[in-house]
Structures are given as C-alpha cells and as structure tokens.
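# Chains, contacts and geometry: an overview
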Amino acid sequence: MLNEDIVNERGERLLSIVASDFAVLPAFALVIATLNDDVVLVHNPRRAVWELPGGFVDAGETADACAGRELREESAQCVDDLHGVADIVISLPDGTARRGRVFRGTVTQWRPFVPTVEADDCRTWRASALPVRTSAIDAYLVRHLT
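Below is a short write-up of the structure.

Cut-off values and rules
- Residues numbered from 1 in each chain as written.
- Predicted model: local features only at pLDDT ≥ 70, side-chain atom pairs only at ≥ 80, totals over all residues.
- Heavy atoms only, no water.
- Salt bridge = Lys/Arg side-chain N within 4 Å of Asp/Glu carboxyl O.
- Buried < 20%, exposed > 50% of the residue type's maximum accessible area, 1.4 Å probe, protein only.
- Phe/Tyr/Trp six-rings, centres within 6.5 Å; stacked < 30°, edge-to-face > 60°.
- Helix = DSSP H or I, 4+ residues; strand = E, 2+ residues; numbered from the N terminus.
- Pairing = 2+ DSSP bridges.
- Expected span 1.5 Å × (residues − 1).
- Contact = heavy atoms within 4.5 Å.

### Some details on the pattern of salt bridges
- What the rule picks out here adds up to 12 salt bridges.
- Put simply, glutamate 61 and arginine 69 hold a salt bridge, and the shortest N to O gap is 2.8 Å.
- Classification of arginine 69 by relative accessible area gives buried; the value is 15%.
- A salt bridge links arginine 123 to aspartate 121; its shortest N-O distance comes to 2.9 Å.
- Taking relative accessible area as the criterion, arginine 123 reaches 41% and is therefore assigned partly exposed.
- Three or more residues joined by partner-sharing salt bridges are found here, namely Asp58, Glu61, Arg69, Glu70 and Glu73.

### Examining the packing of aromatic side chains
- Tallied over the full model, the rule gives one aromatic pair.
- Judged by centre distance (5.3 Å) and plane angle (70 degrees), the ring pair of tryptophan 50 and tryptophan 125 falls under edge-to-face. Of this pair, tryptophan 50 sits in strand 4 (residues 49-51) while tryptophan 125 sits in strand 8 (residues 121-126), and the two are 75 residues apart along the sequence.
- Look at tryptophan 50 and you get buried, because its relative accessible area is 9%.

### Concerning the pairing of strand 7 (residues 97-106)
- Two elements, strand 2 (residues 28-35) and strand 7, share seven bridges in a ladder whose sense is parallel. In the strand pairing of strand 7, isoleucine 32 is matched with arginine 104.
- Looking at chain direction, strand 6 (residues 83-91) and strand 7 are connected through eight bridges and run antiparallel. For valine 89, the partnering residue across the bridge sits in strand 7 and is arginine 99.

### Observations concerning helix 1 (residues 63-75)
- With 13 residues, helix 1 extends 18 Å between its outermost C-alpha atoms, agreeing within 8% with the 18 Å of an ideal straight helix rising 1.5 Å per residue.
- Buried within helix 1 we find Ala63, Cys66, Ala67, Gly68, Arg69, Glu70, Leu71, Glu74 and Ser75.
- Tucked inside the fold, the buried residues of helix 1 contact strand 2, strand 3 (38-44), strand 5 (54-56), strand 7 and strand 8.
- Within two residues after helix 1, alanine 76 carries a phi angle of roughly 75 degrees, on the positive side.

### Re the environment of cysteine 78
- Relative to the helices and strands, cysteine 78 resides in the loop between helix 1 and strand 6.
- Linking cysteine 78 and valine 107, residues 29 residues apart in sequence, is a C-alpha distance of 6.1 Å.
- If we skip the residues at most four places from it in the chain, cysteine 78 touches Leu71, Arg72, Thr106, Val107 and Arg111.

### Here we look at unusual backbone geometry
- A positive phi angle is found at aspartate 37, which is not glycine, with a value near 70 degrees.
- Structurally, aspartate 37 is set in the loop between strand 2 and strand 3.
- Located in the positive-phi region is alanine 76, a residue other than glycine, with phi close to 75 degrees.

Honestly, it's all geometry; don't read function into it.
Following this line, the structure appears as structure tokens:
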C-alpha cells in the first residue's frame, strides 16, 4: 500500500506498485519513455490532462507489444530498450481493481508528432517540472520510477 492517496481525474486510485509478475497478463500498459532524461507525455484532449502514453492490452496481444503500440500511436515515438519495471494496481470508481504494467524505454531519435483524437500534443518534460494538469497517477509514477 502507498503512504499517499493518489487519485486521478477519472476517480481511479493507485493502490500499489509491485514487482512485475510476468505470469500475469495486465489489463493495460503505460510507458515512461525518456529523451535526454526528459519524460514523454501526451495531452489527452477529452480529459484535458497530460499523461503517459498507454492503453489497454488487446486480445491476443502481450503487454510488451501493447506498450510499444500505444507509444507509437499516441506519441509517434519508438524505443529500442522497452522493458517492464513494475506492475501497478488501481481501484476504479466502481470498486473493482485493475492491474497494469509500467514500462520504460529511451527515445533515441525524436519523430514528428501528428495530433490524433487520443492525443493532440506530445512533448518532453523534466520529471521534476511536469505540467500542472498531469494525471496524478502518472505524475506519481514518473516521480517514483525514473
């Protein structure tokens, strides 16, 4: 359990950060991608927040493949050294719990970003100076896993 109450804009609460259990397929993946020690964040226009690239694992997909796909789809960036660093457990507003996996990787060459429905901006930020409207869970993960 955490010593802080971390709740994001959707009412999801971060319950724990645990060692990755690679025998368990998580429901979603998040990516902490860095470029020159800065963190890649995308702006979600529906929620009006900055967040880590990520999303749900599709049927038949591995968590690693999901992480790479979501990073490319939402930010246009790629990493060569993508690796799982931790699993997180969140509670949803309805009281159910969901497990996700957090990945890290290094962007070696910045690719041009094209806005989409899911992300209308993509930038890098210092981990110590994230934008005010950064999703609370993602900000916590950046501070504790970079």
